[in-house]
Amino acid sequence: MTTLAFRHIAILGRDGADPGIRDAYEQVARVAAEFGASASLEPNLGSSTAQSAEIVANMSDFVVSAEPHDAVTDPPVDLVISLGGDGTLLRAARSVFGRGIPVLGINMGSMGFLTSVSGQAIEEGLRCVLSGEYSIEERRTLEAEVRSPEGIARATFTVLNDVVVHKAGAAQVIRLDLWVGPEDDPEEIGSFSGDGVILATPTGSTAYSLSAGGPIIVPELNCFLVTPILPHTLAVRPLVVPGDEEITVTALDRREPLFLTVDGQEGGPVGYSDRVVVRMGASRVPLVRLPGHSFFTTLRQKLSWAVRPIDGG
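Just so we're clear, the structure is a prediction, and the values are computed from it rather than from any experiment.

*Asks:* Would you mind showing me how to read the layout of surface pockets here?
*Replies:* Any empty space left between atoms is shown by rolling a water-sized probe over those atoms. Looking at the largest pocket, its volume works out to about 300 Å³. Lining of the largest pocket is provided by 21 residues; of these, L90, N161, D162, A207 and Y208 occupy positions nearest its centre. Looking at the lining of the largest pocket, the elements with two or more residues in it are α3 (86–95) and β9 (162–167). For the lining of the largest pocket, the class distribution of residues is nine nonpolar, eight polar and four charged. In this model, the second largest pocket occupies a volume close to 210 Å³. Taken together, 15 residues make up the lining of the second largest pocket; nearest its centre are T115, S116, V117, H293 and Q301. Residues belonging to the lining of the second largest pocket are distributed by class as follows: four nonpolar, 10 polar and one charged.

Structure (C-alpha cells):
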C-alpha cells in the first residue's frame, strides 16, 4: 500500500441536477473534511438547494477546459474523483493527462468497468483511500496525429481508451489501408472494406474494441490493438501490435470524408489525403484501486467472464 496523502480533491460528475450525483459529492465532501482534505467541485455540479448550500459554500470551483493539459488549474489538485460511469472517468482522466494526478472512479452508472467504488459504498471506499489503503494502477495511453500529405500534424490527441477512424455520414462501407512502422520506412499490413477501425489501449480492449470482436488485453502489457469494425471479409481479424510500433491509417475511398473519434468524446474530420498515425503515449493515467480490486475481479463481476456455472446447471 502507498502512503501518499491526498489534501485537495477535485470532483467531476456527469450531471449536477441528478439528486444521486448531488448526494454523492456531498458524501465525498463530508469524508474529505474528516481527513482534513479540501474539495473542489466542477462548476456544473454546483447546486442552489438548501441541502447542498453549506457544503458547496465551503468548496471552491476548479476549471475543466477544452484543453486537457490546462484542465485542473486552481487550486492545486492531488486527487480527482469522477462521479458517473466509464465515460465520466475517461473525461476525468483526459482533464489531467500528463500531470500524474491519480483518478478515483465512483460508479453511478450501470457498468462502471473502470471505476473502483460503487455508488452504495462511497464513504467506506473514500475512507480507505484517504487512510492510505489503496494502490495505484498505471494505465497506458495512445497518441494520435492527423497529418496532412506534407506530414504536418493538423490535430493531436492523447487517449486512454481508443482512437476510432470511421465513416462520417450515410451507412456505407469505407476502404482503409493500414501500415505498421516508422513514417520513413513503414510496412503495409493490408487494406480492407468495412465500417472503420479501432486502435485501442489494453484499457480500451474492454470497450468498443471488445464489442467489435477484439480480444481482452491485460492492462500491464505494452501493446495496443487494431480492431477492424465489421470488415467485409473473414480474412481480417484483430491485431495486437507491440507498444514501440506506429500504426498509420489512410483512406482508399474518395467518395466520403472520414471521421476520427477519441475515447468516444471528441474528434474531427479526416481528409482523403490525410494520414492518422497512432502510437503509445508518453503519459500514463494513475487509477486508484481499493484492496481486493483487480482486473480479473472486474472481468468476473462486470462481464461475467469465466464465471463458474451454478451447481446442477
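*Asks:* So what exactly am I meant to see when it comes to the pairing of strand β11 (residues 187–194) here?
*Replies:* Pairing of strand β10 (residues 174–180) with β11 involves seven bridges; the strand directions are antiparallel. Across the sheet, residue D177 finds its bridge partner in β11, namely S191.

*Asks:* What's the story with the environment of G98 in this structure? I'm lost.
*Replies:* Mapped onto the elements of the fold, G98 is located in the loop between α3 and β5 (103–107). When its relative accessible area of 55% is taken as the criterion, G98 is described as exposed. Taking the C-alpha atoms as reference points, G98 and V285, separated by 187 residues in sequence, lie 7.9 Å from one another.

*Asks:* What exactly am I supposed to notice about the packing of helix α1 (residues 19–34) against helix α4 (residues 122–130) here?
*Replies:* Two numbers describe a pair of packed helices, the interaxial angle and the distance between the axes. Relative to each other, α1 and α4 sit at 35°, their axes nearing to 9 Å. As for the relative orientation of α1 and α4, their crossing is right-handed in sense. Seen from α1, the contacting residues are A24, Q27, V28, R30, V31, A32 and E34; seen from α4, they are I122, E123, L126, R127 and L130. Considered class by class, the residues forming the contact of α1 with α4 number seven nonpolar, one polar and four charged.

Conventions and cut-offs
- Residues numbered from 1 in each chain as written.
- Predicted model: local features only at pLDDT ≥ 70, side-chain atom pairs only at ≥ 80, totals over all residues.
- Heavy atoms only, no water.
- 1 Å grid on protein atoms, 1.4 Å probe; cavity = no way out; pocket = protein on both sides within 12 Å on 5 of 7 lines; lining within 4 Å.
- Points joined across faces, edges and corners; volume = space filled by probe spheres on them.
- Helix = DSSP H or I, 4+ residues; strand = E, 2+ residues; numbered from the N terminus.
- Nonpolar A, V, L, I, M, F, W, Y, C, P; charged D, E, K, R; others polar.
- Pairing = 2+ DSSP bridges.
- Buried < 20%, exposed > 50% of the residue type's maximum accessible area, 1.4 Å probe, protein only.
- Axes fitted to C-alpha atoms, helices over the stretch in contact; angles between N-to-C directions.
- Left-handed = near helix turned anticlockwise from the far one by under 90°.
- Contact = heavy atoms within 4.5 Å.

By themselves, these are just geometric observations and shouldn't be taken as functional.
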